[in-house]
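# Structure assessment
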Amino acid sequence: MCGIIGFTGNIDSKRILIDGLESLEYRGYDSSGVSFFNEKNKVETIKCVGKVENLKKLIDKNLSISNCGIGHTRWATHGNVSIENAHPHKSGFVNLVHNGIIENYISLKDKYDIKNTISSTDTEIAAIILNKFYTETNNDPLVSISRLSKEIKGTYAFCVIFDDRPNEIFAIRKVNPLVSTISNIGSIISSDLTALIPYSKEYYIVPEDSIIKLEQYKIKFYNINNLERINLTPCELNWSNDSTMKDGYPHYMIKEIYEQPKALENTIRPHLKNHIPDFSLENITDEFLKSIDNIQIVACGTALHAGLVACNVFSPIIKIPITAYVASEYRYSEPLITKNTLVIPISQSGETVDTIASLSLAKSYGAKILSVVNVRSSTISRESDFCIFTNAGPEIAVASTKAYTVQIATLFLLFSKIAYLKNMMTIDELINFSKTLELIPQIITDTFSSDKIIKEIAKFLKFKNDCFYIGRLQDYISSLEGALKLKEISYIHTDAYAAGELKHGTIALITQGIPVIAIDTNINISSKLLSNVEEVKAREAAIILIINEKFEYKKDLAKFVVPIKDIDYRFAVFPVSIITQLIAYYTSLEKGLDVDKPRNLAKSVTVE
Ligand code: AGP
C-alpha cells in the first residue's frame, strides 16, 4: 500500500519525484521521502510525516541540482508513523524504498545479528542485509540484489540507489507491482501507471524474476538467478494524462462519480453485439461459459459488494452455485473446486494482495480464472486465464465509485450470457435484460439531480456519530456498500443491516435522532421493509428513505426521502449507488475532511 517512484535523466529529479509521489499518494500518505544524488554525486535524503505536500515544502527549500533519485509515500505496516520509519532507509551504500511486507524480517534480524536499527521497519532490515551483501561482493549491485531476493520471504517492490553508483537505479519485485518507462527526459520507475502517464505512451512491466537497472536513457533487465540479460517488449499506455487530472472538479471522488455514465457506456458497449453479450474480445467462448457448473467470486471491499449484487440477481436464474467470498478469508480456505468451477477475482487495482492470493489458491486447485479488473497490466489481470477489463479509466479517489458500477455491469453481461447459454434465459429475456442495462447510463445521469436533497441530508448527518443502513435482498447489499462509503470518508460509524435482522439485537442501539437510511426498491418486499422502518421510527430514529418513486409509504414516515426512477429492481443498485456515493461525498465535505485521501486508508491494499 505504498507508492514508489524512481527517476534518472537530464532534468531536476526532485520535481519528477514529487510529481510522481503526488500521483501515487492515494496508495498511502502516512509519511514520504526522497533520496537523490546532488551535483557532487552525494546522496541526500529528505523525509517527513504526513502528506506529500509536507515533503514538497522541504524539497522546495533544497537547492541541490539532482538528476537521479528515488521517492516513497508510505502506508504504515511495520512501525508507527514517524520520521524514523519513513522511507528511504539507508545502510552504508544502500538507500532503499519498499512496498510490501517482509514476513521473515525477525528471523533475518537474528540470522544477521542485526541489533541497532534506527527504525522499527522491516524495510531497514532489508537495507542492512543488502549493504552487507553489497560490500561482500566488492560492491556488485546485481549479485548482492540477487542474494537479497533469496533471503526475503513475503511481498516486495524495492527500489535502490547505491552511494557509489550515481545516476543508476536498481529494482526488484515480488507480488507488489512495478512499471517502468524511458522518456525524452530520462528513465522512470513507479508502483503504477499513473506516475508514468505524463511522460510516455509505453511502459514495461517489471517481471517478478528479474532485476531492472535504470540508467539515464537505458533500461536493462536481468534474470534474478543467472543475471543474464532479458529482453522485454513494452506495453501500450492507453490512459491519457488528463484522465488522471481533476478536470475542474474539486475532488477526484466527485469527478469519478460523475464519470459513471461514460464509464458504463465504455464498459458495456464493447461487450454487446445486437444486444447479446459477447466476450470474443477476451477469447471467452460460449462453449467454455456453458460448461461452468460452479462460480466462486473472490474480492474485497466494494469489489466484493459488486460480486454480491451479481450473486443475488443471478443465483435464482442460472441455478448453479454462485458464491461471493471475502478474499482474505477465501485465501486460507479449502474451496470446493471441480474442473468446471470458474473463479472470478474482482479488483479495480488488480493488485489487492488478498485477491491475488485467492486467485493463486484457486489456480492450485485447478479452477479456471476469469478476472474483472480496471487497471491494465495489473497482477491479477496477468495471472488470470481470462480477464475482462472494465473501462472506467483511472480511479484515483480511495473511495471506489465508478469501478463499482462498471464491475456490476460487467458481471451482469457475463452472467446473463451464461444464463442464456444454459437455457435459463430465453433470447428475448436476454435481449430485454441487455436493453435495460444499456439504459443505465442515462438513468444514472438523471439521478444526479438528487444532489439537492442529498446536500440537506449531509448537513443533517454531519453531527452524527452513528448511522445505520438497512435493506432487504439486493437493497441489503446496497446498504453494505453505502455504509462502507459513508464510514470510510466521513468517519461516522455506519453499520449495514438486513432490515429483518435489526430486531434480533441491534435495534437496542436505536435511540432518538439516530439516522437510519432505508433502501426500498423491490416491490415484492417493500411492505416488509417499510414495517422495519416503522419499528425504528417507533424508537424515534431519524429516517432517510431511498425509495422507488412509484412505491407507497406514509408521508410522515421519513425525515428525508430520495426517490429513484421506477426500474426493474434488479437494476436499482445503479441509481441507489449514485445516491449513497453522493451522501458519503457531501457528508465528508460538510465535515471538512479529505474526501480523496481519508485517514488510515490507501487505494490499493497490497499488504495482508
Ligand atoms: C472501496 O471504497 C474501498 N476503498 C476498498 O474497499 C476497495 O474496494 C477494496 O480495497 C478492493 O480494492 P480493489 O478493487 O482494487 O481490489
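Here's what I pulled together on the structure shown here. Counting restarts for each chain: residues are numbered from 1 in the order of the written sequence. Given that this is a predicted model, residues contribute local features only at a pLDDT of at least 70 and side-chain atom pairs are listed and counted only at 80 or more, while totals for whole chains, interfaces and linings are drawn from all residues. Hydrogen atoms and water are omitted, and side-chain values are computed over all heavy atoms in the structure.

## Some words on the pairing of strand S13 (residues 218-223)
Put simply, the test is: Here the rule is simple: two strands pair whenever DSSP picks up at least two bridges between them. Counting from the N terminus, the helices are the DSSP runs of H or I reaching at least four residues and the strands are the DSSP runs of E reaching at least two.
Bridge count for strand S12 (residues 210-215) against S13 is six bridges, and the pairing is antiparallel. Looking at the pairing, Lys213 lines up with Lys220 of S13. Between S12 and S13, which pair antiparallel one after the other, the connecting turn spans two residues. Pairing between S13 and strand S14 (residues 229-230): two bridges, direction antiparallel. Along S14, the bridge assignment pairs Tyr222 with Arg229. What sits between S13 and S14 in their antiparallel hairpin is a turn of five residues, with Leu227 showing a positive phi close to 60°.

## What to know about the packing of helix H9 (residues 301-318) against helix H16 (residues 474-490)
Packed helices, taken two at a time, are described by their axes: the angle between them and the distance between them. Test applied: Lines fitted to C-alpha atoms define the axes, with helix axes restricted to the stretch in contact, and inter-axis angles between N-to-C directions lie between 0 and 180 degrees. The labels follow the angle: roughly parallel below 35 degrees, roughly antiparallel above 145, roughly perpendicular from 65 to 115, and oblique for the rest. Here a residue-residue contact requires only that any non-hydrogen atoms of the pair lie within 4.5 Å. Residues are grouped as follows: Ala, Val, Leu, Ile, Met, Phe, Trp, Tyr, Cys and Pro are nonpolar; Asp, Glu, Lys and Arg are charged; all remaining types, including Gly, are polar.
Their axes nearest at 9 Å, the elements H9 and H16 cross at an angle of 170°. One way to sum up the angle between H9 and H16 is to call them roughly antiparallel. Between H9, through Gly301, Thr302, His305, Leu308, Val309, Asn312 and Val313, and H16, the contact on the second element is made entirely by Gln474, Ile477, Leu480, Glu481, Leu484 and Lys485. Residue classes in the contact of H9 with H16 are distributed as six nonpolar, five polar and two charged.

## Quick notes on the packing of aromatic side chains
Each aromatic ring pair is described using two quantities: the centre-to-centre distance and the angle formed by the ring planes. Which entries qualify depends on this criterion: Between 30 and 60 degrees the pair is tilted, below 30 it is stacked and above 60 it is edge-to-face, where a pair is any two Phe, Tyr or Trp rings, Trp via its six-membered ring, whose centres lie within 6.5 Å. Ring-over charges, as used throughout, are those where CZ of Arg or NZ of Lys falls within 6 Å of the ring centre and within 35 degrees of the ring normal.
Applying the stated criterion across every chain, the model contains 20 aromatic pairs. Ring centres of Phe314 and Phe412 lie 5.7 Å apart, and the angle between their planes is 70°; this geometry places the pair in the edge-to-face category. Of this pair, Phe314 sits in helix H9 while Phe412 sits in helix H13 (residues 402-421), and the two are 98 residues apart along the sequence. Through a chain of ring-to-ring contacts, the aromatic side chains of Phe314, Phe412, Phe415, Phe433, Phe571 and Phe574 assemble into a single cluster. The positively charged end of Arg229 is found above the aromatic ring belonging to Tyr222, 5.7 Å away from the centroid.

Note that all results are geometric; they support no functional claim without further evidence.
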